[in-house]
Structure formats: C-alpha cells, structure tokens
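# Analysis of the macromolecular model
Letter by letter, the chains look like this.
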Amino acid sequence: MKIKHAHIREALLAWSRAADGRKVPANAIADTYFELGMSGLLYSSDHPNAQGNNVQKIYRWAESDSLASQRKMQALLPAIEKAMPPFMLARMRSHSSETCRDLVLRKERIDREMEAMIGAIIALSDRVDGSGPAGNVLVH
C-alpha cells in the first residue's frame, strides 16, 4: 500500500509530540532500520553523532516536499511502520485503507464515550457525596 508523503509526515509529527520530542521516534526508526538489514540512508550507532544526525535527516526529509525527500521517506517506510506505535500506524494507514479508517473512527468514538461516562460518574459521585470537585470530604 502506497502511503502519501503528507500522511507519513503527519504521523511522524504526531508521534514526536506524543513522545515529547523527535529523538524517541527517530531512534526507534533507526534501530528498526538496521534490524531489518537496511542500509544507505541512516547512520549506524558506530558513527559519531549518529543519533543527532539521524533525527535531523528523518525530520528534514519528512518536512520537505521535494521528490528526493519523498523517495527517501518511502525507502524508510518499512522501518517507520515497524517502529511506530500501533494506533499511530493505523491512523497513518487510515487514509489508504478502509479497514484501518474504520478502526480509527471506532476507537475515537469509544474514547469520547468513555470520557463522557467517566465525567458523568464523577459528577454523580460529587452530588451524592456532597463533596467538591476534588472529592474531598471533611469527616469528624
């Protein structure tokens, strides 16, 4: 399945936000890249400054719309997909796969329903206990 460059970029940026930085996704991609026996695009851990250089390369290619960058990201795609957390992978594939799109939509709906249910339980608990929003009650 061919995944558009914009969707790969969107997924990588979301992953870096969830991981509080670009190093975690880039390192996971680089590790997986070499585990898969791939070579030629990224620096191995033997190279000085491999971590920083790989972070720069991966995100420079992701953020660029040049044909060369798109080719490099497509070449990295097997490592990206294997390293990416499952839900982010499903979200990235959801643009190209009806099954993944359906799963992503169902999970988002379930998450919204769970938040609403938990909010209702907390509100009901606060009313029954007569306590404040923190749920603290002064008992003598």
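Counting starts from 1 at the beginning of each chain's written sequence and moves along it residue by residue. With pLDDT at 70 or above as the cut-off, local features in this predicted model cover only qualifying residues; side-chain atom pairs require 80 or more to be listed or tallied, and sums for whole chains, interfaces and linings still use all residues. Hydrogens are left out, water is left out, and the side-chain values use all remaining heavy atoms of the structure.

Right, let's talk about the overall build of the protein for a bit. Looking only at helices and strands, the protein has six helices and zero strands in total. Secondary structure elements are taken from DSSP: a helix is a run of H or I of four residues or more, a strand is a run of E of two residues or more, and numbering for both begins at the N terminus. Secondary structure elements of the protein occur, N-terminal to C-terminal, as α-α-α-α-α-α. A total accessible area of about 9,100 Å² is found for the protein, and carbon and sulfur atoms account for 55% of it. To measure how exposed things are, a 1.4 Å probe is used in the Shrake-Rupley method; for residues, cover is taken only from the protein chains shown.

With that settled, the discussion passes to a nonpolar patch on the surface. Excluding any residue in a salt bridge, patches collect residues exceeding 30% relative accessible area, merging like charges within 9 Å and nonpolar Val, Leu, Ile, Met, Phe, Trp and Tyr side chains within 5 Å. Salt bridges are counted wherever a side-chain nitrogen of Lys or Arg sits within 4 Å of a carboxyl oxygen of Asp or Glu. A contiguous nonpolar surface patch, about 540 Å² in accessible area, is contributed by Ile 110, Met 114, Met 117, Ile 118, Ile 121 and Ile 122. Inspection of the secondary structure assignment puts Ile 118 in helix α6 (residues 98-129). With a 1.4 Å probe rolled over the protein chains alone, any residue whose accessible area is under 20% of its type maximum counts as buried; one over 50% counts as exposed, and the rest are partly exposed. Assessed through its relative accessible area of 43%, Ile 118 is described here as partly exposed.

As a rule of thumb, nonpolar side chains are buried together in soluble globular proteins. Grouped together as the largest cluster of nonpolar side chains are 26 residues, with contacts concentrated most on Leu 12, Ile 29 and Leu 76. Elements represented by at least two residues in this core include exactly α1 (5-18), α2 (23-35), α3 (50-63), α4 (67-83) and α5 (86-93). Considering every element that reaches this core, the biggest residue donor is α4, with six residues. Once residues lying within four places of it in the same chain are set aside, the contact partners of Leu 76 are Ile 29, Tyr 33, Leu 41, Leu 42, Ile 58 and Trp 61. Nine residue types can take part in a nonpolar core, namely buried Ala, Val, Leu, Ile, Met, Phe, Trp, Tyr and Cys, and a core is a set of them joined through side-chain atoms within 4.5 Å. Whether two residues touch is decided by their heavy atoms; if any such pair falls within 4.5 Å, the residues are in contact.

Here the focus is the side chain of Ser 69. Positionally, Ser 69 belongs in helix α4. The exposure class assigned to Ser 69 is buried, which follows from its relative accessible area of 8%. Pairs of N or O atoms are called polar contacts if they sit within 3.5 Å, as long as, within protein, a hydrogen donor faces a hydrogen acceptor (for residues adjacent in sequence, only side-chain-to-side-chain pairs). Among the polar contacts listed, one links the side chain of Ser 69 to the side chain of Ser 66, at a separation of 3.0 Å. Those residues in contact with Ser 69 that sit more than four places away from it in its chain are His 5, Arg 60, Trp 61 and Ser 64.

We call Phe, Tyr and Trp rings a pair once their centres come within 6.5 Å, taking the six-membered ring for Trp, and we label the pair stacked below 30 degrees between planes, edge-to-face above 60, and tilted otherwise. One pass over the full model with this rule turns up one aromatic pair. Taking 5.1 Å as the distance between ring centres and 85° as the angle between the ring planes, the aromatic pair formed by Tyr 33 and Phe 34 counts as edge-to-face. Both a distance and an angle decide whether a charge sits over a ring: NZ of Lys or CZ of Arg must be within 6 Å of the ring centre and within 35 degrees of the ring normal. Across the ring face of Tyr 43, the terminal group of Lys 57 is positioned such that the distance to the ring centre comes to 4.3 Å.

For the coordinates displayed, the defined rule picks out five salt bridges. For the salt bridge of Glu 63 with Arg 22, the shortest nitrogen-to-oxygen distance reads 2.4 Å. Placement of Glu 63 in helix α3 and of Arg 22 in the loop between α1 and α2 is noted, with a sequence separation of 41 residues between them. For Arg 22, a relative accessible area of 33% puts it in the partly exposed group.

Take it as geometry only, folks, not as evidence of what the structure does.
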